[in-house]
Amino acid sequence: LNEERHFLSLKLGIKDENHLLKFLSFLGSNDSIRYDYGGSGQQICYVVLNSVYFCNKLLEYGIFQGKSMKEVPCYFSDKDLKIAYFLGLLDGDGCILDTGISFVGSYETCSFMKDVMSEFVVYKDGYSYINLHDKFHNDLYVFSLHRKEVIEIMYNLYYDKLYTLDRKRQKVITNYKRLGGI
């Protein structure tokens, strides 16, 4: 996000190009996807959107230039928006594991992830099974949740959402099938 020049650049690995296509389609945009190589030498795809309105809305929600790993999460009262935001964070900086989920971010964002999952996890004997680890590097924290039930919870959150990252959604579905779902 460039706040002064009012443009947003979204960059993804080439394997997630379809996500940018879905995003442009959602916006009704004629912009085209561009291609380049990232700092690690891997091919990336990206779009650049020029919109004062769009940039101002992102700023209003706490999205600012250079915010990665410094963000303070948006707390939506609407459950559907909260889940969409949660899945977006997980798609962006999280990991779908064979046995659960993991996320790296600021303390505030990891706490948000924990709070959202707390709404879905069934507690046993008063123990939450949800981990928010201490700092592991600079100001980064890790949120993780590993239980068989998590796969079913994630399946129920992901399965009908068209705006999620395809490869992470597919990983959730594959894990759910492997554990006897569907």
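Residues take numbers from 1 onward in each chain, read along the sequence in its written order. Local features in a predicted model are, by the rule used here, given only for residues with pLDDT of at least 70; side-chain atom pairs are given and counted only at 80 or more, and totals for whole chains, interfaces and linings are based on all residues. By convention in this description, side-chain values take in all heavy atoms of the structure and omit both hydrogens and water.

A.B. asks: I'd love a proper account of the nonpolar core, names of residues and values included.
C.D. replies: In these notes, a set of buried Ala, Val, Leu, Ile, Met, Phe, Trp, Tyr and Cys residues joined through side-chain atoms within 4.5 Å is what counts as a nonpolar core. Accessibility here uses a 1.4 Å probe with only protein chains present; expressed as a share of the type maximum, an area under 20% marks a residue as buried, one over 50% as exposed, and anything in between as partly exposed. Counting 29 residues, the largest nonpolar core has Phe86, Leu90, Ile101, Met113, Met117, Phe143 and Met154 as its most contacted members. Numbering of helices and strands starts at the N terminus; helices are DSSP runs of H or I of at least 4 residues and strands are runs of E of at least 2. Contributions of two or more residues to this core are made by helix H3 (79-93), strand E5 (100-105), helix H4 (107-118), strand E7 (140-146), helix H5 (148-158) and helix H6 (166-178). Residue contributions to this core peak at seven residues, all from H5. When neighbours within four sequence positions are excluded, Ile101 is seen to be in contact with Phe86, Leu90, Cys95, Ile96, Met117, Phe143, Ser144, Leu145, His146, Val150 and Met154. Within the second largest apolar cluster, eight residues are counted, among which are Leu8, Leu20, Leu24 and Leu49. Residue contacts follow a heavy-atom distance rule, with two residues in contact if any of their heavy atoms lie within 4.5 Å.

A.B. asks: Could you give an account of the sheet that holds strand E2 (residues 34-37), naming the residues involved and the relevant values?
C.D. replies: If you trace the three strands from one edge of the open sheet to the other, you get E1-E3-E2, paired in antiparallel fashion. Either end of the sheet is taken by a strand with one partner, and the two such strands are strand E1 (7-13) and E2. Sheet twist, expressed as the average angle between the axes of neighbouring strands with direction ignored, equals 35°. Note: two strands are recorded as paired if DSSP finds a minimum of 2 bridges between them. Both E1 and strand E3 (residues 43-50) contribute to a ladder of seven bridges, which runs antiparallel. Paired with Leu12 across the bridge in E3 is Cys45. The convention used is that axes are lines fitted to C-alpha atoms, helices contributing only their stretch in contact, and that angles between N-to-C directions extend from 0 to 180 degrees.

A.B. asks: Describe in detail the pattern of salt bridges, supporting the description with residues and values.
C.D. replies: Any Lys or Arg side-chain nitrogen located within 4 Å of an Asp or Glu carboxyl oxygen qualifies as a salt bridge. Using the criterion set out here, one finds six salt bridges in the structure. Here Asp16 makes a salt bridge to Arg167, at a shortest N to O gap of 2.8 Å. Of this pair, Asp16 sits in the loop between E1 and helix H1 (17-27) while Arg167 sits in helix H6; the two residues are 151 residues apart in sequence, bridging distant segments of the chain. Residue Arg167 is classed as partly exposed on the basis of its relative accessible area, which comes to 38%. A salt bridge links Asp166 to Lys22, with the shortest nitrogen-to-oxygen separation between them at 2.8 Å. Pair noted here: Asp166 is in helix H6 and Lys22 is in helix H1, with a separation of 144 residues, a long-range link. Relative accessible area serves as the criterion here: at 23%, Lys22 is assigned to the partly exposed category.

A.B. asks: So what about H6? Which residues, and what values?
C.D. replies: Expected helix span is taken as 1.5 Å per residue step, with the number of steps being one fewer than the number of residues. The end-to-end C-alpha distance of H6, which contains 13 residues, comes to 18 Å, matching closely the 18 Å that a straight helix rising 1.5 Å per residue would cover. Of all the positions in H6, only Lys168, Val172, Ile173, Asn175 and Tyr176 are classed as buried. Each buried residue of H6 lies within a common arc of 160° when the element is viewed along its axis, so the set occupies one face. Among the structural elements, H3, strand E4 (94-97) and H5 are those in contact with the buried residues of H6. Positive backbone phi, at 100°, marks Gly180, one or two positions downstream of H6. By definition, the arc is the one covered by directions from the helix axis to the C-beta atoms.

A.B. asks: How would you sum up the packing of H3 against H5? Please name residues and give values.
C.D. replies: Contact pair H3 / H5: the axes reach a minimum separation of 11 Å and the direction vectors enclose 110°. Taken together, the axis directions place H3 and H5 in an arrangement best described as roughly perpendicular. Read as a crossing pair, H3 and H5 show a hand that is left-handed. Together, Ile83, Phe86, Leu87, Leu90 and Asp91 of H3 and Met154, Leu157 and Tyr158 of H5 make up the contact between the two elements. Amino acid classes used here: Ala, Val, Leu, Ile, Met, Phe, Trp, Tyr, Cys and Pro are nonpolar; Asp, Glu, Lys and Arg are charged; the rest, including Gly, are polar. Residue composition of the contact of H3 with H5, grouped by class: seven nonpolar, no polar and one charged. Any angle from 65 to 115 degrees is called roughly perpendicular, while one under 35 is roughly parallel, one over 145 is roughly antiparallel, and all others are oblique. By definition, any crossing whose near helix is turned counterclockwise from its far helix by less than a right angle is left-handed, and any crossing with a clockwise turn is right-handed.

So, to be careful, I would describe these as geometric facts and stop short of saying anything about function.
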